[in-house]
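Structural characterization, general
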Amino acid sequence: MVNNNGFGSNGLTWNRRRVGSEQETKVQEYLQTKGYEIVARNFYTKHGEIDLIAKKDSYLVFVEVKYRADNRFGAPEEAVDYRKQKKIIAAAQYYMYKNRIPFDTPCRFDVAGVTGEGIRITENAFWM
C-alpha cells in the first residue's frame with residue numbers, strides 16, 4: 001500500500017535503507033580509487049551485518065559505513081559504539097570461518113564516516 005508521501009506503509013525504513021545503500025556505494029567507489037579491492041558487500045549473519053569487505057595490501061578489511069546529514073547527533077563514526085563493534089567482529093569471524101580464511105590472516109576494522117563534507121576513513125578503528 002502506498003501512502004501520500006510515496007514511500008509505502010514503512011516508508012521511513014525503506015528510505016533509510018535506500019540512503020544507506022547510496023552511501024555504501026559512494027564509499028565503495030572511494031575505496032576503489034584508493035586501491036582497495038571490494039570482495040563482498042552487505043554480508044549478513046545472525047550476529048549482524050558488515051557493509052563492505054575489502055582487500056588492501058596484505059589486509060582483509062571490514063568496513064562499517066555511517067552517514068550523517070549533519071553533526072547534530074555527533075560525527076557518524078561515533079555511532080559505532082562498543083555494542084556495534086562486537087556485532088561486527090562476530091560477523092567478521094563468521095565470514096572468515098564460512099570462507100575458510102585462516103584466522104591468522106591480517107585483518108582490520110575501518111569505519112567510513114560520510115557527511116555532506118565528504119568521506120573520512122578511520123583505519124583500525126577497533127580490534128578483535
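Predicted model, so just to flag it, every value in this text is computed and none were measured.

The next subject is the overall build of the chain. Along the chain, the regular secondary structure elements total two helices and five strands. Across the chain, helices and strands are ordered from the amino to the carboxyl terminus as α-β-β-β-α-β-β. Across the 128 residues of the chain, 37% fall into the buried class. Considering only contacts within the chain whose residues lie at least 6 apart along the sequence, 49% involve residues at least 24 apart.

Looking now at a nonpolar patch on the surface. On the surface, Tyr94, Tyr97 and Phe103 cluster together to form a nonpolar patch covering roughly 380 Å² of accessible area. Taking the relative accessible area as the measure of exposure, Phe103 reaches 53% and is therefore exposed.

What follows is about the side chain of Asp51. If you trace the backbone, Asp51 turns up in strand β2 (residues 49–56). For Asp51, which is buried and forms no salt bridge, the nearest opposite charge comes from Lys66, at a distance of 6.1 Å. Side-chain polar atoms of Asp51 contact the backbone nitrogen of Val65, separated by 2.7 Å. Once residues lying within four places of it in the same chain are set aside, the contact partners of Asp51 are Glu24, Ala40, Arg41, Asn42, Val63, Glu64 and Val65.

Residue placement: Ile119 occurs in strand β5 (residues 118–126). Measuring from C-alpha to C-alpha, the distance between Ile119 and Val27 comes to 7.2 Å, with 92 residues separating the pair along the chain. Those residues in contact with Ile119 that lie beyond four places of it in its chain are Lys26, Val27, Tyr30, Gly113 and Val114.

Looking now at unusual backbone geometry. For Asp57, which is not a glycine, the phi torsion comes out positive at approximately 55 degrees. Along the polypeptide, Asp57 turns up in the loop between β2 and β3 (59–67). In this structure, Asn124 is a non-glycine residue whose phi angle is positive, near 55 degrees. Tracing the backbone through its elements, the reader meets Asn124 in strand β5.

Our focus in this paragraph is the sheet that holds strand β4 (residues 107–115). One open sheet holds the five strands; their spatial order is β1-β2-β3-β4-β5, and the pairing between them is mixed. Each end of this open sheet is capped by a strand with a single partner; those strands are β1 (37–44) and β5. Neighbouring strand axes in the sheet, compared pairwise and without regard to direction, differ in orientation by 30 degrees on average. Examined bridge by bridge, β1 and β2 share six bridges and lie antiparallel to one another. Bridge pairing links Glu37 to Lys55 in β2. Against the sheet, helix α2 (residues 82–98) contacts β1, β2, β3, β4 and β5, and its axis sits at roughly 140 degrees relative to β3.

Here we come to the nonpolar core. With 17 residues, the main nonpolar core has Ile50, Ile53, Leu60, Phe62, Tyr95, Phe109 and Phe126 as its most contacted residues. Elements with a contribution of two residues or more to this core: β1, β2, β3, α2 and β4. If sequence neighbours within four positions are ignored, Tyr95 has contacts with Val39, Ala40, Phe43, Ile53, Leu60, Phe62 and Ile101. Grouped together as the second largest cluster of nonpolar side chains are eleven residues, Val27, Ala54, Val61 and Val65 included.

Conventions and cut-offs
- Residues numbered from 1 in each chain as written.
- Predicted model: local features only at pLDDT ≥ 70, side-chain atom pairs only at ≥ 80, totals over all residues.
- Heavy atoms only, no water.
- Helix = DSSP H or I, 4+ residues; strand = E, 2+ residues; numbered from the N terminus.
- Buried < 20%, exposed > 50% of the residue type's maximum accessible area, 1.4 Å probe, protein only.
- Contact = heavy atoms within 4.5 Å.
- Patch = residues over 30% accessible without salt bridge, like charges linked within 9 Å, V, L, I, M, F, W, Y side chains within 5 Å.
- Areas by Shrake-Rupley, 256 points an atom, 1.4 Å probe, with all protein chains shown as cover.
- Salt bridge = Lys/Arg side-chain N within 4 Å of Asp/Glu carboxyl O.
- Lys, Arg positive; Asp, Glu negative; His and termini not counted.
- Polar contact = N/O pair within 3.5 Å; in protein donor to acceptor, adjacent residues only side chain to side chain.
- Pairing = 2+ DSSP bridges.
- Axes fitted to C-alpha atoms, helices over the stretch in contact; angles between N-to-C directions.
- Core = buried A, V, L, I, M, F, W, Y, C linked by side-chain atoms within 4.5 Å.

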